[in-house]
Amino acid sequence: MENFDLIASIKNKYLNSNKEDVLKHAENVAELAVGLANAYDLDTAKTKLAALLHDISGIMTPQEMYDFAIARGLEIDPAEEKYHALLHQRVSKIIAQEEYGITDSDILNAIECHTTLRKNAGMYDKIIFIADKISWDQKGVPSYDDLLKSANVGSLNEACYLYIKYQFDNNLLVMPHQWLEEAYDDLGKKTNFFISNIG
């Protein structure tokens, strides 16, 4: 069951920080993610919360995220050290815990790895990851949009794998995060795509 007061509080956080664009993206991700959750018979209320909170740290600047992470003693990946904005997924998890009292591990894990995914990702992790990528919060439509939309109908593993593969194949990852590399390897072993691309 949805907690309407909690959802309103989350939305107000974005609005009070003049981040209407980030809220719009989060709402788009929520709509896509809830559709996927229904398709895979998962808890839609949890999925919606994870989606709405996944970019809650977007109210901060990259430097503020970095300072926040250092103050909390987080181990910083080399990619995060160079590109502080990559920390937003981990900072968002902490905000979800501390400001909104989220304790559900499915929600927190999905928030924490929605940008990079990670090895042995759960169903909620993959749903938020792929919904975030399909939503695409930059100007224009990414060229892999149709590929993802068709792939996610049959297999979340394949959809996630194809997205990451596209990033590597087109040299779009200046400095890949360790979690992303591990997720790519892990998903490759679980999909037919990995087998068909060997040799």
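Just so it is clear, the model here is predicted, and its values are computed rather than measured.

Here is what the cut-offs are and how they apply
Throughout this document, residue positions are counted from 1 along each chain, in the order its sequence is written. In view of the model being predicted, local features appear only for residues whose pLDDT reaches at least 70, and side-chain atom pairs are presented and counted only at 80 or more, with totals across whole chains, interfaces and linings using the full set of residues. Here the side-chain values reflect all heavy atoms present in the structure, with hydrogen atoms and water set aside. Strands are runs of DSSP state E lasting at least two residues, helices are runs of H or I lasting at least four, and both sets are numbered from the N terminus onward. Buried residues are those whose accessible area, probed at 1.4 Å on protein chains only, stays under 20% of the maximum for their type, while exposed residues exceed 50% and partly exposed ones sit between those limits. Whether two residues are in contact is decided by their heavy atoms, any of which lying within 4.5 Å being enough. For the area figures, the Shrake-Rupley method with a 1.4 Å probe applies, and any residue is considered shielded solely by the protein chains shown. Centre distance within 6.5 Å is the pairing criterion for rings of Phe, Tyr and Trp, where only the six-membered ring of Trp is used; planes under 30 degrees apart are then read as stacked, over 60 as edge-to-face, and the remainder as tilted. By convention a nonpolar core is built from buried Ala, Val, Leu, Ile, Met, Phe, Trp, Tyr and Cys residues, the set being connected through side-chain atoms within 4.5 Å. Salt bridges are defined as contacts in which a side-chain nitrogen from Lys or Arg sits within 4 Å of a carboxyl oxygen from Asp or Glu. As a per-residue measure, pLDDT tells how confident the predictor is, with possible values from 0 to 100.

Some thoughts on the overall build of the chain
- If you tally the helices and strands in the chain, you get 12 helices and 0 strands.
- Starting at the N terminus and ending at the C terminus, the chain contains elements arranged as α-α-α-α-α-α-α-α-α-α-α-α.
- Per-residue burial over the chain gives 50% buried out of 199 residues.
- By sequence separation, contacts in the chain at least 24 residues apart represent 60% of the contacts at least 6 residues apart.
- Taken as a whole, the chain presents about 10000 Å² of accessible surface, with 49% of it coming from carbon and sulfur.

A look at the packing of aromatic side chains
- Scanning the entire structure with this criterion turns up 3 aromatic pairs.
- Consider the rings of F129 and Y163, whose centres lie 5.6 Å apart with planes at 75°: the pair is edge-to-face. Of this pair, F129 sits in helix α8 (residues 123-135) while Y163 is found in helix α10 (residues 156-169), placing the two residues 34 residues apart along the sequence.
- Aromatic pair Y161 and Y184: ring centres 5.0 Å apart, planes at 10°, arrangement stacked. Note that Y161 is positioned in helix α10 and Y184 in helix α11 (residues 178-190), a separation of 23 residues in sequence.
- Among the residues examined, Y161 registers a relative accessible area of 3% and is labelled buried.

Considering the nonpolar core
- With 55 residues, the main nonpolar core has I10, L53, Y100, I102, L117 and I130 as its most contacted residues.
- Discounting chain neighbours no more than four positions away, the residues touching L117 are D125, K126, F129, C160, W179, L180, A183 and L187.

Some points on the pattern of salt bridges
- Enumeration according to the criterion identifies 13 salt bridges in this entry.
- Ionic pairing is found between K46 and D106, a salt bridge with its closest N-O pair at 2.6 Å. Of the two residues, K46 sits in helix α3 (residues 44-53) while D106 sits in helix α7 (residues 105-112), which places them 60 residues apart along the sequence.
- The closest approach of N and O atoms between D169 and K165, which form a salt bridge, is 2.5 Å. Note that D169 and K165 are positioned in helix α10 at a spacing of 4 residues, about one turn of the helix.
- Of the residues examined, D169 reaches a relative accessible area of 46% and is grouped as partly exposed.

Topic: the confidence of the model for the chain
- Looking at the chain as a whole, the pLDDT averages 90, with 87% of positions reaching at least 70.
- Contacts for the low-pLDDT stretch residues 195-199, under 50 throughout, to residues beyond four places or in other chains number 1 contact.

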